[in-house]
Amino acid sequence: MSDHEYARVHVPDVESTPNPTREKKEVDEAVGASRFGFNVYTADPGERLPWGYHRHPDHEELFYVLAGELRVQTADGTEHLNAEDAFFVPENAPVSAEAVGDRPARVVAVGAPKDADDAIIEEECPVCGEVTGRTHDVAGDEYVLYCESCGAEVTRFD
Ligand SMILES: [Zn+2]
């Protein structure tokens, strides 16, 4: 054996991380990757991957649709992605992605650098009406987002 830390996982065996989609497999964590993110999502129609409209100030992302369909909202309009489409999101570019169609979407999302993946979510708060950021809490299997301005709970995923 060399001293190189090769790693192999079978993605269906990776435990799903609580998030707004049916499944999020953090393959990067499972293999110990430190420079880039690599997540595999399974999202039922209507589920978002994984947040609302957000941007990563210092982080690039690439979505690759393996199956199903994805609707991607950007500052330049809406894209409709089908299987085998890949979509690049430059750093600081706002985006939201939602599974659409009549069957689950399976999507690989790659992002780098991994340690700069802070997301800024900016959406209209249903309580105070302002376009605000979000803070979040993880409580067991639930993921809760709060308005940064008024503190109201705005979204709960389980
Ligand atoms: Zn608010």
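Because the structure is a prediction, the values reported are computed rather than measured. Within any chain, residue numbers begin from 1 and follow the written order of that chain's sequence. Where totals are concerned, whole chains, interfaces and linings use all residues; where local detail is concerned, this predicted model gives features only for residues with pLDDT of at least 70, and gives and counts side-chain atom pairs only at 80 or more. The basis for every side-chain value is the complete set of heavy atoms in the structure, and neither hydrogens nor water enter the calculation.

Draft legend 1. Expanded view of the coordination of the zinc ion. Distances define the donors: N, O and S atoms within 2.8 Å of the metal qualify, as do those within 3.2 Å of Na, K or Ca. Water is excluded, so some sites may look unfinished. Within the protein, the atoms that donate to the zinc ion are Cys125 (SG), Cys128 (SG), Cys147 (SG) and Cys150 (SG), at distances of 2.3 to 2.4 Å. The coordination sphere of the zinc ion comprises four donor atoms, whose angles at the metal cover 103 to 117°; the geometry is tetrahedral. Here the donor residues for the zinc ion map to a single chain with the spacing C-x2-C-x18-C-x2-C. Remark: cysteine 150 occurs in the loop between strand S14 (142-147) and strand S15 (153-157) and cysteine 125 occurs in the loop between strand S11 (123-124) and strand S12 (131-132); sequence separation between them is 25 residues. When its relative accessible area of 1% is taken as the criterion, cysteine 125 is described as buried. Four donors are marked tetrahedral only if all angles between them lie between 85 and 135 degrees, whereas four are marked square planar and six octahedral if opposite donors are more than 155 degrees apart and the other angles lie between 65 and 115; the remainder are marked irregular. A run of DSSP states H or I qualifies as a helix once it reaches four residues; a run of E qualifies as a strand once it reaches two. Both are numbered from the N-terminal end. When accessible area is computed with a 1.4 Å probe and restricted to protein chains, residues below 20% of their type maximum are described as buried, those above 50% as exposed, and intermediate ones as partly exposed.

Draft legend 2. Spatial organisation of the side chain of arginine 134. Counting through the fold element by element, arginine 134 comes out in strand S13 (residues 134-139). Two residue types count as positive, namely Lys and Arg, and two as negative, namely Asp and Glu; His and chain ends fall outside the count. What makes a salt bridge here is a side-chain nitrogen of Lys or Arg within 4 Å of a carboxyl oxygen of Asp or Glu, nothing more. Buried and without a salt bridge, arginine 134 has glutamate 123 as its closest oppositely charged side chain, separated by 4.4 Å. The term polar contact refers here to a pair of N or O atoms within 3.5 Å; inside protein, the definition further demands a hydrogen-donor-capable atom paired with an acceptor-capable atom, and it admits residues adjacent in sequence only when both atoms are side-chain atoms. Among the polar contacts made by the side chain of arginine 134, one reaches the main-chain carbonyl oxygen of glutamate 123 at a distance of 3.3 Å. For arginine 134, the side chain forms a polar contact with the side chain of threonine 132, separated by 2.9 Å.

Draft legend 3. The sheet that holds strand S4 (residues 60-67), seen in detail. Strand pairing is assigned whenever DSSP detects at least two bridges linking the two strands. Strand order across the open sheet formed by five strands is S1-S2-S9-S4-S7, with antiparallel pairing between neighbours. The open sheet has two free edges, formed respectively by strand S1 (23-26) and strand S7 (86-89), since each of these has just one partner strand. When the angles between neighbouring strand axes are averaged without regard to direction, this sheet yields 20°. Pairing geometry for S1 and strand S2 (residues 37-43), over four bridges, is antiparallel. Each bridged residue has a counterpart across the sheet, and for glutamate 23 the counterpart in S2 is threonine 42. Note on method: axes are straight lines fitted to C-alpha atoms, helices fitted across the in-contact stretch only, with angles between N-to-C directions ranging 0 to 180 degrees.

Draft legend 4. Spotlight on the pairing of S4. Judged from the seven bridges that link them, S4 and strand S9 (residues 105-112) form a sheet pairing that is antiparallel. If you follow glutamate 60 over to S9, its bridge partner there is alanine 112. Pairing of S4 with S7, which is carried by four bridges, proceeds in the antiparallel orientation. Residue pairing in the sheet places phenylalanine 63 in a bridge with phenylalanine 87 of S7.

Draft legend 5. A look at the layout of surface pockets. Cavities and pockets are defined on a 1 Å grid built over the protein atoms alone: a cavity is a set of grid points where a 1.4 Å probe fits but cannot escape, while a pocket is an open set with protein on both sides within 12 Å along at least five of seven lines, and lining residues are those with an atom within 4 Å of any such point. Grid points are joined across faces, edges and corners, and a volume is the space filled by probe spheres set on the points. Taken as a whole, the largest pocket spans an internal volume of roughly 650 Å³. Along its surface, the largest pocket is lined by 30 residues, and Lys24, Trp51, His56, Asp117 and Ala119 are the ones closest to its centre. Residue assignment for the lining of the largest pocket shows that the elements contributing at least two residues are S1, helix H1 (27-31), S2, S4, S9, strand S10 (120-121), S13 and S14. Classification convention: Asp, Glu, Lys, Arg as charged; Ala, Val, Leu, Ile, Met, Phe, Trp, Tyr, Cys, Pro as nonpolar; all other residues, Gly among them, as polar. Looking at side-chain class alone, the lining of the largest pocket contains 13 nonpolar, eight polar and nine charged residues. The source of the domain bounds is an automatic or database domain assignment. Of the residues that make up the lining of the largest pocket, three or more belong to each of domain 1 (11-118) and domain 2 (122-158).

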